[in-house]
Number of protein chains: 4
Amino acid sequence: MVGGGEGAFIGAVHRMAARLDDRWTLVAGAFSSDPERSRAFGLGLGLDPDRSYGDFAEMARAEAARPDGIDAVAIVTPNAAHFAPARAFLEAGVAVICDKPLTTGPAEAKALSDLVARTGLPFVLTHNYSGYPMVRHARDLVARGVLGPIRVVQAEYAQDWLARDLPGNRQADWRGDPDKAGPGGALGDIATHAFHLAAFVTGETPSAVSAETSRFVAGRRLDDDVQARLRWAGGARGQLWASQVAIGASNGLRLRVIGADAALDWSQEEPDYLRFARLGEAPQVLRRGGPGLSPAAEGATRLPAGHPEGYLEGFAQIYADAADLLLAHRAGQAPPDRLSGLPGVREGVEGVAFITAAVRSAAADGAWISLSEEAA
Amino acid sequence: MVGGGEGAFIGAVHRMAARLDDRWTLVAGAFSSDPERSRAFGLGLGLDPDRSYGDFAEMARAEAARPDGIDAVAIVTPNAAHFAPARAFLEAGVAVICDKPLTTGPAEAKALSDLVARTGLPFVLTHNYSGYPMVRHARDLVARGVLGPIRVVQAEYAQDWLARDLPGNRQADWRGDPDKAGPGGALGDIATHAFHLAAFVTGETPSAVSAETSRFVAGRRLDDDVQARLRWAGGARGQLWASQVAIGASNGLRLRVIGADAALDWSQEEPDYLRFARLGEAPQVLRRGGPGLSPAAEGATRLPAGHPEGYLEGFAQIYADAADLLLAHRAGQAPPDRLSGLPGVREGVEGVAFITAAVRSAAADGAWISLSEEAA
Amino acid sequence: MVGGGEGAFIGAVHRMAARLDDRWTLVAGAFSSDPERSRAFGLGLGLDPDRSYGDFAEMARAEAARPDGIDAVAIVTPNAAHFAPARAFLEAGVAVICDKPLTTGPAEAKALSDLVARTGLPFVLTHNYSGYPMVRHARDLVARGVLGPIRVVQAEYAQDWLARDLPGNRQADWRGDPDKAGPGGALGDIATHAFHLAAFVTGETPSAVSAETSRFVAGRRLDDDVQARLRWAGGARGQLWASQVAIGASNGLRLRVIGADAALDWSQEEPDYLRFARLGEAPQVLRRGGPGLSPAAEGATRLPAGHPEGYLEGFAQIYADAADLLLAHRAGQAPPDRLSGLPGVREGVEGVAFITAAVRSAAADGAWISLSEEAA
Amino acid sequence: MVGGGEGAFIGAVHRMAARLDDRWTLVAGAFSSDPERSRAFGLGLGLDPDRSYGDFAEMARAEAARPDGIDAVAIVTPNAAHFAPARAFLEAGVAVICDKPLTTGPAEAKALSDLVARTGLPFVLTHNYSGYPMVRHARDLVARGVLGPIRVVQAEYAQDWLARDLPGNRQADWRGDPDKAGPGGALGDIATHAFHLAAFVTGETPSAVSAETSRFVAGRRLDDDVQARLRWAGGARGQLWASQVAIGASNGLRLRVIGADAALDWSQEEPDYLRFARLGEAPQVLRRGGPGLSPAAEGATRLPAGHPEGYLEGFAQIYADAADLLLAHRAGQAPPDRLSGLPGVREGVEGVAFITAAVRSAAADGAWISLSEEAA
């Protein structure tokens, strides 16, 4: 693991998620930009002293040289610190599991994409919400044509933890600092999740974005509210709203997909449920572990219906899938079909394109910006 | 009543709403554009034969001449047929209760506005959702500054009854016909309600709109989906989505208003509830008839908490308020303060400006269109 | 109308309900036990002075003698004041619409039942919750065998308005006074509604009750909490809970009916919805005005789906049905099939039997008491 | 671990729960009553061959003799197979984590209780629902007197997976077999959870039970539906319903506690929320990770609000607490106060008393049976 030391949030999540299904063991890490604190943190986690590294470069070199070196590295640093370790480990021949967004700009994203293509190494981007069983069932419903042609895609991601200034809060600090977070605030932190979720479920290609961004809290340097419209290549239209000032909302990621024949509605805060309605029929409430689910959903499920699974289980699914991806890679096999949607470097490039295009659109009074050009 | 004959929907609603609180009695009407059917329908309702008119012009003349002439006329015709009867009754000195949108274009809206100013007659526009007690409480919370400066205003109005072509359905037919509905489909029918609701609750002035409209159902001549952004004069930003193709949604009008200190969330399909959250406190579920409500809410309430009130009761409130407005007018008094938000011709002019500005914006790839210029 | 004067709650409800569908006009009444106030109240409602009576006996005599006498009387007095006017009007040949419970004891209930049998007059008991469209759909689903044999019937009715003593509250006063309310507090006021609802929906016969009653608020003379079990003749078992001290509950009447093949779940505070689940299938949310409903539901509906109907509309349905029942009676016809479930004197007798049996059971430490014997 | 081999459900849950917080490592086990399959299963989990035992007795002897023997054993067998291994490990000086119910009869429960008292060893009973943060917050609210004197305790636990016969289903088979499950079906499997939850949250002592049990599915040998009333020593009254035939319910454990001043309402299927209402105030929706929570809730929380935690996290909390309990024991210290509610052998004895008393009551037509005598 790279990052995730003292005071980090997502690093601990990665560790719990990796542990849950017993597919991964944490054996090495560089947890902090301060070498001393990095090593101390690793020892605190019970790692071997010689695998508690002072920095990621040392770790990449050393682990690549060990006969029992790591199978993959998890990069859980702030956005601007994804690129360098990802490159270092890929170049050292190590598979990468990287937090999102991939990078803070399209050039670096392209560079990583090229490097993955050249090395052929597994690369997983932890758009963890795509690990939820009911999200996978939603994707399956769309893919099987149950919804008919997609017309409207409404995505939102509302939080309130940044509704006021939080001086001294480490999580808030780096997310509000362009040097660490990149050009997007809410854009990079949460809108990119909503964007990925919409693309993941619909299987459609977003073609252009028109955005308005705001900085509602005085002194804020990056956006804390994004209101965008997306045009999708297949003709669908939709809004995307991401806000960090939405009082009353905790982690309100919601996706509604409306086709010509049916529609679905999923909320991250009730992840075990998927509301599904066919035109002219009474809506159904599908639930994880319940009747009528796809293998995609059932394969991502641990517990019977009514025994709630949550954020960690969804996140763990990404780790379990990454393990399978790695095993296939080791065996020289193509990844199994069921992993086709697992987010990787391509989704990372698309997410970075979305962020930069939205920033450009907002600066141009909401002018439509092509996403394919941005990603090119 | 003008309109609301055989096969109409909203006319029957107006009649039930007017009756509920025993403030109005239906005594005269011109219910159809066909004089024979108009008279027959009036007789069927039990009206006197000599007050079952063949057309609105005849009715306006005759009622104005009677010593016991009507106190007010309710105009419940399709959009394009609001202007002429409204003008006729105003000119005959009769107060008007008119369905929305006011007219199909800004010139007519301006003409009615001028006529109301000149005659001084009461004019009520049935934006009925502003009659709900919890909507009035929401408005009161904002007005008292409980939310702090408004940052985000999210409005949506989702329906699915037009998700496919409905040949031969009278309600669908006129709403899809530009000659009867005006330039907006979903725009005029439902987006304008959401627009009014947002302005009513926030008390803020919308300054500009950027819109994308779609016609998803083949052969449709007017929009069936609207995705707009609004800029508000006070600095707030927000999205508005109105759709008639949103499968699974029946009459899903929802408003979220987010301030710097608190936020509220109201859904028309659960009208007795208002979700209210202060920053840093557990959210509350306020309910009609429950503790802690404003006089504005309590004054619009008929039943104790837990005894659901619905659409007709909210609509009835507009009629009850219209009665009070008329009584004040008769007495030569200014309307009581509590009626200050009752939608009238001003709100009608603003709504028409919204519709026409959104149409223009959509035609210009989402360019921002000023609402004040449009209304001027 | 008898009762429903100054400070009454349910009288005003009856008047609005009767008015909504324009099937009834209030023309006469005895609104108070004080003749002066009774007459004054009638004048205040706009009644003719000679039909604003001082007491019900005078009214029964006078109206029976008028050529244009009332078609039916609505009795909306406290429980102990149902019997005498009901008898008086029946004996005067006037149809009766009576609030529940029918009487405060089985002997009076039996007497009214005999009188109805003898006179053949229409008699409607306003178990208003049976007027909701989705309740009628629920009854229809059970009747058509969709649920299979009924196994479990769970009913509850939770309120909190009596969670503390309310000195000087008129509604609380009479409900807590055995001389006015009869032997049951929560039992008579709300448990009897839940009991009727369960029988109405399931179409089954409750055979015995075992009950525990409490008086949680100091000084209370009648029960404010009832916890009962019911045995049903067909083999079903179920609990019934009624409470007036359930803080957080407003008017929480809920019924769950579980069969061998399917189950349903209805809550009065969301009356437009009915949750329906078949074994092995994803649950559905049926809604008033939506697809797949029975004629019984559609016939009790005024508005499209998504336009909430509430308590008054459900209550109004009882009045509309009573009008149809009266018309059939006038025409010398049997009531139409669709009115077969309309609660009348039989349901009144059963409800009184339930109350008295529950009181006896509670006094006997929860011993099972036969309902058929109680009603005999 | 004892039990939890091929085809088991709860064993895998225990393993994930133990792993999540990295407080426990599985190093030894006897997973099946068949020695061959037991050892093979252990090897399949990656255990050392010499710690993959053929039966629990061998395991207890061998582990007790090892210098690196297990710190505790998790017993996850069917009910009737709890007693023997629990006794064996306690006698071998090993702490025990045991699934519920403790035993299938009071004599064995008493014997274990005595043995725990004699050995002083930590003993944890996995009433896992008491591990949920919001359940702990509920307990804290009651303990601090926020609710006032408790009046009503309504508990229910509804499932539908046994609504029909499931021949060949291992989970159904043992639960329906009195030799493996003991005298209770739904009673032992789920009602005992609801019973414990009610006692855990209220901190009150249940004094007597009156129960009706049913076997709705033909051929079933144990109850699949329980309808009980409980009297609580402090004067509270309440119903408990547990059903395995409640179509539409998955794992519907719900608890409502109503005091004189406030009430709370918690549902296992939405474990992150707690509805809280003070008399005369608008209800609040408290949520895990949100504002205003007790240390008891915060200490059992892993993720911020809006990042759902579920069944495994709640279960994991029991394991984390068990680790702390063991550490205190090892250090010769009294358990920290915060573990005072952790369910152990006392709660096991009470649960068994509840089951046997309910069985006796049901056989006696619902007669009240004292729980303290049953437990004695």
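Since we're looking at a predicted model, the values are computed, not measured. (Residues numbered from 1 in each chain as written. Chains lettered and ligands numbered in written order. Predicted model: local features only at pLDDT ≥ 70, side-chain atom pairs only at ≥ 80, totals over all residues. Heavy atoms only, no water.)

### So, the pattern of salt bridges
Move 1: Within this structure, the stated rule accounts for 122 salt bridges over all chains.
Move 2: Among the salt bridges present, the one from C:Glu347 reaches C:Arg346, with a minimum N-O distance of 3.2 Å. (Salt bridge = Lys/Arg side-chain N within 4 Å of Asp/Glu carboxyl O.)

### Comments concerning the relation of the copies chain D and chain C
Move 1: With an RMSD of 0.0 Å, the operation that places chain D on chain C is a rotation of 180 degrees combined with a shift of 0.0 Å along the axis. Expressed as an axis order, the relation between the two copies is that of a two-fold axis.
Move 2: Taken together, the interface assignments show that 100% of the residues at the interface of chain D recur at the interface of chain C, consistent with an identical surface on both copies. (Least-squares fit on C-alpha atoms with pLDDT ≥ 70 in both. Contact = heavy atoms within 4.5 Å.)

### Observations concerning the interface of chain D and chain C
Move 1: Between chain D and chain C, the residue contacts involve 43 residues of the former and 43 residues of the latter.
Move 2: In total, about 3,400 Å² of surface goes out of reach between chain D and chain C, with carbon and sulfur atoms giving 52% of it.
Move 3: A per-residue breakdown of the area chain D buries against chain C is headed by D:Arg151, D:Arg229 and D:Ile247, which together make up 21% of the total.
Move 4: Taken together, the links from chain D to chain C amount to eight salt bridges.
Move 5: We note a salt bridge from C:Arg231 to D:Asp365, for which the minimum N-O separation is 2.7 Å.
Move 6: The tally of links from chain D across to chain C stands at 23 residue pairs in polar contact (both at pLDDT 80 or more). (Buried area = accessible area lost by both parts, 1.4 Å probe. Polar contact = N/O pair within 3.5 Å; in protein donor to acceptor, adjacent residues only side chain to side chain.)

### Points about the sheet that holds strand β1 (residues 72-75) of chain B
Residues and elements named next belong to chain B.
Move 1: Strand order in the open sheet made by the three strands is β1-β2-β3, with parallel pairing throughout. Across the chains shown, the open sheet's two edge strands, defined by having one partner strand only, are β1 and β3 (123-125). Along the sheet, successive strands turn relative to each other by an average axial angle of 15 degrees, direction set aside. (Pairing = 2+ DSSP bridges. Helix = DSSP H or I, 4+ residues; strand = E, 2+ residues; numbered from the N terminus. Axes fitted to C-alpha atoms, helices over the stretch in contact; angles between N-to-C directions.)

### Quick look at the interface of chain A and chain B
Move 1: Between chain A and chain B, the contact holds 43 residues from the first and 43 residues from the second.
Move 2: Of the roughly 3,400 Å² buried between chain A and chain B, counting both surfaces, carbon and sulfur atoms make up 52%.
Move 3: Looking only at chain A, the three residues that lose the most surface to chain B are A:Arg151, A:Arg229 and A:Ile247, adding up to 22% of its buried area.
Move 4: Where chain A touches chain B, the interface holds eight salt bridges.
Move 5: Residues A:Glu212 and B:Arg231 are paired through a salt bridge, measuring 2.8 Å at the closest nitrogen-oxygen approach.
Move 6: Within the residue set of the side of chain A that touches chain B, elements represented by two or more residues are β4 (150-158), β5 (206-214), β6 (225-232), β7 (237-243), β8 (252-259), β9 (262-267) and β10 (273-278) of chain A.
Move 7: Residue composition of the side of chain A that touches chain B, by class: 18 nonpolar, 11 polar and 14 charged. (Nonpolar A, V, L, I, M, F, W, Y, C, P; charged D, E, K, R; others polar.)

### Details of the packing of aromatic side chains
Residues and elements named next belong to chain A.
Move 1: Tallied over the full model, the rule gives 36 aromatic pairs over all chains.
Move 2: Each ring, one from Phe-315 and one from Tyr-319, has its centre 6.5 Å from the other, and the planes form 25 degrees; the classification is stacked. In this pair, Phe-315 and Tyr-319 both sit in helix α11 (residues 311-330), four residues apart, roughly one turn of the helix. Grouping residues by exposure puts Phe-315 and Tyr-319 together as buried.
Move 3: An aromatic cluster is built from Trp-24, Tyr-129, Tyr-132, Tyr-157, Trp-266, Tyr-311, Phe-315 and Tyr-319, whose rings are joined through pairwise contacts.
Move 4: Note that Arg-139 overlies the ring of Phe-200, its terminal NZ or CZ placed 4.6 Å from the centroid. (Phe/Tyr/Trp six-rings, centres within 6.5 Å; stacked < 30°, edge-to-face > 60°. Buried < 20%, exposed > 50% of the residue type's maximum accessible area, 1.4 Å probe, protein only. Lys NZ or Arg CZ within 6 Å of the ring centre and 35° of its normal.)

### Section: the domain arrangement of chain A
Residue and element names in this part refer to chain A.
Move 1: Partitioning chain A into domains gives domain 1 (10-121) and domain 2 (132-303 + 344-369).
Move 2: Its C-alpha centre places domain 1 at a distance of 27 Å from the equivalent point of domain 2.
Move 3: Counting from both sides, the interface comprises 17 residues of domain 1 and, opposite them, 18 residues of domain 2.
Move 4: When domain 1 packs against domain 2, the two sides together hide about 1,300 Å² of surface, and 67% of this comes from carbon and sulfur.
Move 5: Inspection of the domain 1/domain 2 interface yields two salt bridges.
Move 6: Taking the shortest distance from any N to any O, the salt bridge between Asp-21 and Arg-302 comes out at 2.7 Å.
Move 7: For the pair domain 1 and domain 2, the number of links is six residue pairs in polar contact (both at pLDDT 80 or more).
Move 8: When residues in the side of domain 1 that touches domain 2 are grouped by element, the largest group, five residues, is from helix α5 (residues 106-119). (Domains from an automatic or database assignment.)

### A look at the relation of the copies chain A and chain B
Move 1: Least-squares fitting of chain A to chain B yields an RMSD of 0.0 Å, with the superposition described by an axial translation of 0.0 Å and a rotation of 180 degrees.
Move 2: A high fraction, 100%, of the interface residues of chain A reappear at the interface in chain B, so the copies pair face to face through one surface.

### Here we look at unusual backbone geometry
Move 1: The omega angle of the peptide bond from B:Lys100 to B:Pro101 is -10 degrees, so this bond is cis rather than trans.
Move 2: Non-glycine residue B:Asp22 carries a positive phi angle of around 65 degrees.
Move 3: Relative to the helices and strands, B:Asp22 resides in the loop between α1 (10-20) and α2 (35-44).
Move 4: Its relative accessible area of 48% is what places B:Asp22 among the partly exposed residues.
Move 5: The phi dihedral of C:Asp365 falls on the positive side, at around 60 degrees, and the residue is not glycine.

### What about the pairing of strand β10 (residues 273-278) of chain B?
Residue and element names in this part refer to chain B.
Move 1: Note that strand β9 (residues 262-267) and β10 share four bridges and pair antiparallel. Across the sheet, residue Leu-264 finds its bridge partner in β10, namely Phe-276.
Move 2: With antiparallel pairing between neighbouring strands as the criterion, β9 and β10 make up a hairpin whose turn holds five residues.
Move 3: By the bridge criterion, four bridges tie β10 to strand β11 (residues 284-287) in an arrangement that is antiparallel.

### Quick word on the sheet that holds strand β2 (residues 95-98) of chain D
Strands belonging to one sheet form pairs held by backbone hydrogen bonds; the direction of such a pair is parallel or antiparallel.
All names here are of chain D.
Move 1: Read across the sheet, three strands follow the order β1-β2-β3 without closing on themselves; strand pairing throughout is parallel. Strands at the two margins of the open sheet, each flanked by one partner only, are β1 (72-75) and β3 (123-125). Strand-to-strand twist of the sheet, defined as the mean angle between neighbouring strand axes without regard to direction, takes the value 15 degrees.
Move 2: Summarising the sheet, β1 and β2 pair through four bridges and their orientation is parallel. When the sheet's bridge partners are listed, Ala-74 is paired in β2 with Ile-97.

### Here's the deal with the UniProt feature "domain: Gfo/Idh/MocA-like oxidoreductase N-terminal" (unreviewed entry) in chain A
Move 1: With numbering aligned to this structure, UniProt lists the feature "domain: Gfo/Idh/MocA-like oxidoreductase N-terminal" (unreviewed entry) at residues 7-123 of chain A.
Move 2: In residues 7-123 of chain A, the share of helix is 46% and the share of strand is 8%. The end C-alpha atoms are 26 Å apart. (UniProt positions renumbered as here; feature names shortened; annotations may be inferred.)

### Digging into α11(A)
Residues and elements named next belong to chain A.
Move 1: Helix length check: α11 (20 residues) gives 29 Å between terminal C-alpha atoms against 28 Å at 1.5 Å per residue, within 8%.
Move 2: Burial runs high along α11: 16 of the 20 residues are buried.
Move 3: The first or second residue beyond α11 is Gly-332, which carries a positive phi of 70 degrees. (Expected span 1.5 Å × (residues − 1).)

### Observations concerning the packing of helix α9 (residues 186-202) of chain C against helix α12 (residues 345-363) of chain C
All names here are of chain C.
Move 1: At a minimum axis separation of 10 Å, α9 and α12 run at an interaxial angle of 120 degrees. Here α12 runs oblique to α9, going by the angle between their axes. Where α9 crosses over α12, the two elements pack in a sense that is right-handed. Contacts from Leu-187, Gly-188, Ala-191, Thr-192, Phe-195 and His-196 in α9 reach Glu-347, Glu-350, Gly-351, Phe-354, Ile-355, Ala-358 and Val-359 in α12.
Move 2: When the residues that make up the contact of α9 with α12 are grouped by side-chain class, the tally is seven nonpolar, four polar and two charged. (Parallel < 35°, antiparallel > 145°, perpendicular 65-115°, else oblique. Left-handed = near helix turned anticlockwise from the far one by under 90°.)

### Notes on the UniProt feature "domain: GFO/IDH/MocA-like oxidoreductase" (unreviewed entry) in chain A
Move 1: Under the local residue numbering, the UniProt record ascribes the feature "domain: GFO/IDH/MocA-like oxidoreductase" (unreviewed entry) to residues 135-263 of chain A.
Move 2: Split by type, residues 135-263 of chain A is 28% helix and 33% strand. Its first and last C-alpha atoms lie 13 Å apart.

### Brief notes about the side chain of C:Gln171
All names here are of chain C.
Move 1: Here Gln-171 shows up in helix α7 (residues 170-175).
Move 2: Looking at Gln-171, the relative accessible area reads 16%, which means it is buried.
Move 3: Of note is the side chain of Gln-171, whose polar atom sits 3.0 Å from the backbone oxygen of Gly-7.
Move 4: Among the polar contacts listed, one links the side chain of Gln-171 to the side chain of Arg-175, at a separation of 2.8 Å.
Move 5: Setting aside chain neighbours within four positions, we find Gln-171 in contact with Gly-7, Ala-8, Phe-9 and Trp-161.

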